[in-house]
Amino acid sequence: MSGLPASLTGRIAVLLPVALDRPFDYLLGDGISVCLGQFVRVPLRGRGSVTGVIWAAGSAELGAKSLKPVEDILDMPPLTPDLLKFIAWVADYTLSPLGMVLRMVLSVPAALQPKPQQVVYRIAGDGPAVDLTPKRAQVLRVLADGRALTMRDLAHEAGVGEPVVKAMAKAGLLEGAAVARADQRRDRDLDPTFAATDLSPVQAIAANRLRDSVRTRAFSVILLDGVTGSGKTEVYFEAIAEALAQGRQALILLPEIALSAQFIDRFKPRFGATPALWHSDLTPAQRRKTWRGVAEGTVRVVIGARSALFLPFAELGLIVVDEENDTGYKQEDVVIYHARDMAVVRAKQEGFPIVLVSATPSLETMANVEAGRYAHLTLPARYGGATLPEISLIDLRVDKPPPKRFLSPVLVEAVRQTLAANEQALLFLNRRGYAPLTLCRACGHRMKCPNCTAWLVEHRSRDRLVCHYCGHAEHLPGRCPHCEAEQSFAPVGPGVERIAEEAEALFPEARIVQMASDLMDEPGSLPETLRRIAAREVDLIVGTQIIAKGHHFPTLTLV
């Protein structure tokens, strides 16, 4: 795309968010000039009107009579040349159609529509020449400074009911006008100097290095490597503050949306307001506001999952990839990519620093550090002199659990002591369901998936046998499909449901919660469970890796 004119007329190539690897040519009307990255609405056979992006100047392969005209040019900031280059790079690197990468950028079609209208009211003409009731007089006093307010806001400020405002408009005392509804951004008051952070000497050195990298406005990759509890978040907050001070935007990628609520609890005291969120659990209205605010530059900081990397930032100046080693950054359907690696590419193409953060850096990142491609900052100790936990190994050959049990006597006693001290404990097992294998006692037949031959996992809470690879699910049959023995199936091995069942029998007074991805699939269930744990409404947690993602629970003292 380099060398193309910034201003285009006549014939243009439009890239559409469909599974195709090239743009299509369309015609502009006479005297109309556009630029690369602008949003346009064009006709597409079989799909009606489709919103696309001006990708390049049109070719001369087809005659003008064969081309369809552009239907509309949308009133939105265009995608930046750097983002267009990034789309092309990702498509080429991942062997994906250009249109499918663009589709990730245009993930909120509603954001490209005109903003919703709302009616605002102001004093009509030169004001009323009639006697006024006290309530009407109060309404006029609110509007005396020339403001225009919605009916709801006007009634609220004047302390009257909305019918009063309606009656005044009907009587000609107020005039209404339709205007575009303004998006109320929660991060509009982010202040990089809102609160000073008390950093240790080692933290201060690392923070100064990050601030300097943002000031230079040049590409660099910095690994912030620190033990758990060393204050890595507070350090890279200083880099975010520097980006805000320069009037630029910042993106913080998190591997799990469950971390966002706790992250905001640390972000708001530092910057005085909350940032925008970006993940799959947001409502369509929230996604529309954030996408549009990012494109217009009014949203300054975004905390998001991997898909946030493809938001159309107007002036991005910093990316932070927290827990960069986490597998949650891998996208494994449609366009297959690793968000950490693609974030490095976007930072390089747009010329700004990126910070990779981890207590256990990935092998790929460490290889880049050793090769000199990435800088390396280390926080070797916990903040405030806190000590690392004591780690003990339980040999189940020596400390054997009772028959048909999975928790050893040593572990059971440790949990009892923890609960007696009014502290919390976590039993971590990275295995969903009740049992990973179900077999027939009579003939030894193992229940397996008919599609991919993996063993079916019993999910007793849902009365299902489930394949964790392809999603196949079925009820446990009443008789063995191999030998036809009735009620002969036995669960083999533990999943979190089975461990929780055992814990309930051992600790009947404890408040126990199970946490696994299949148990937290209702909207809001995961944040609510995390809130309960933090509020000490839970004593014992039995969970998979969904609970081992950097959460901070001060009274959780045994894992």
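Keep in mind that this is a model prediction, so the values were computed, not measured.

**Q** How should I be thinking about the overall build of the protein in this particular structure?
**A** Across its full length, the protein carries 14 helices and 28 strands. Projected onto its principal axes, the C-alpha positions of the protein cover 90 × 70 × 60 Å. Relative to its 559 residues, the protein shows a buried fraction of 47%. Approximately 28,000 Å² of the protein is accessible, and the part contributed by carbon and sulfur atoms is 52%. Seen as two clouds, the 63 positive and the 62 negative side-chain charges of the protein have centres 3 Å apart.

**Q** In this structure, what is going on with the sheet that holds strand β27 (residues 540-543)? I would like to understand it.
**A** Note: strands within a sheet are paired through backbone hydrogen bonds, in either parallel or antiparallel orientation. In space, the 4 strands of this open sheet follow the order β26-β27-β20-β28, with parallel pairing throughout. In this open sheet, the two strands that pair with only one neighbour each are β26 (512-515) and β28 (556-558). Each neighbouring strand pair of the sheet contributes to a mean axis angle of 30 degrees, computed without reference to strand direction. Sheet topology places strand β20 (residues 424-428) next to β27; 4 bridges connect them, and they run parallel. Looking at the pairing, A425 lines up with L540 of β27.

**Q** What is the right way to read helix α9 (residues 284-296) from this model?
**A** Counting along an α-helix, one turn takes 3.6 residues, and residues three or four places apart therefore face a common direction. Across its 13 residues, α9 extends 18 Å between first and last C-alpha, which sits within 8% of the 18 Å expected from 1.5 Å per residue. Residues of α9 that are buried: R287, R288, T290, W291, R292, G293, V294 and A295. With its phi angle positive at about 85 degrees, G297 sits one or two positions after the end of α9.

**Q** What exactly am I supposed to notice about the packing of aromatic side chains here?
**A** What describes a pair of aromatic rings is the distance from one ring centre to the other and the angle between the planes of the rings. In the structure shown here, the tally under the stated rule is 11 aromatic pairs. On the numbers, 5.6 Å between centres and 35 degrees between planes, the contact of F86 with F310 is tilted. Of this pair, F86 sits in helix α1 (residues 81-94) while F310 is found in the loop between β14 (301-304) and β15 (316-321), placing the two residues 224 residues apart along the sequence. For the pair shown, F86 and F310 are each scored as buried. Put simply, the rings of Y236, F237, F263, F267 and F271 pair up and form one aromatic cluster. The cationic tip of R287 hangs over the ring face of W278; the distance from NZ or CZ to the ring centre is 4.4 Å.

**Q** In this structure, what is going on with the environment of L74? I would like to understand it.
**A** Along the chain, the position of L74 falls in the loop between β7 (72-73) and α1. In this structure L74 comes out as buried when scored by relative accessible area, which is 8%. With sequence-adjacent residues up to four places away left out, L74 is seen in contact with F39, R41, T51 and L112.

**Q** What am I meant to see in the sheet that holds strand β22 (residues 457-459) here?
**A** What the 3 strands build is an open sheet, ordered β22-β23-β24; its pairing is antiparallel. The strands lining the two open edges of the sheet, one partner per strand, are β22 and β24 (473-474). Across 2 bridges, the pairing between strand β23 (residues 464-466) and β24 is antiparallel. When the sheet's bridge partners are listed, L465 is paired in β24 with E474.

**Q** Explain the pairing of strand β5 (residues 39-44) here, please?
**A** Side-chain direction in a regular strand flips from residue to residue, so the side chains alternate between the two faces of the sheet. Extensive coverage of β5 is indicated by the burial of 6 of its 6 residues. The alternating pattern of β5 places F39, R41 and P43 and V40, V42 and L44 on opposite faces, both of which are buried. Taken together, the 6 bridges between β5 and strand β6 (residues 48-57) define a ladder with antiparallel strand orientation. In the strand pairing of β6, L44 is matched with G48. What sits between β5 and β6 in their antiparallel hairpin is a turn of 3 residues, with G46 showing a positive phi close to 85 degrees. Where β5 meets β7, 2 bridges bridge the pair, whose relative direction is antiparallel. By the bridge assignment for β7, R41 is matched with D72.

**Q** Would you take a moment to explain the nonpolar core for this structure?
**A** Nonpolar side chains tend to gather and get buried jointly when the protein is soluble and globular. Counting residues in hydrophobic clusters, the biggest one holds 73 residues, and the most contacted among them are W291 and V302. If we skip the residues at most four places from it in the chain, W291 touches F39, M76, V105, L106, S107, V108, A111, L112, W278, L311 and P312. Counting 34 residues, the second largest nonpolar core, distinct from the first, contains A206, V214, Y236 and L377.

Basis of the calculations
Residues numbered from 1 in each chain as written. Predicted model: local features only at pLDDT ≥ 70, side-chain atom pairs only at ≥ 80, totals over all residues. Heavy atoms only, no water. Helix = DSSP H or I, 4+ residues; strand = E, 2+ residues; numbered from the N terminus. Buried < 20%, exposed > 50% of the residue type's maximum accessible area, 1.4 Å probe, protein only. Areas by Shrake-Rupley, 256 points an atom, 1.4 Å probe, with all protein chains shown as cover. Lys, Arg positive; Asp, Glu negative; His and termini not counted. Charge placed at Lys NZ, Arg CZ, Asp CG, Glu CD. Pairing = 2+ DSSP bridges. Axes fitted to C-alpha atoms, helices over the stretch in contact; angles between N-to-C directions. Expected span 1.5 Å × (residues − 1). Phe/Tyr/Trp six-rings, centres within 6.5 Å; stacked < 30°, edge-to-face > 60°. Lys NZ or Arg CZ within 6 Å of the ring centre and 35° of its normal. Contact = heavy atoms within 4.5 Å. Core = buried A, V, L, I, M, F, W, Y, C linked by side-chain atoms within 4.5 Å.

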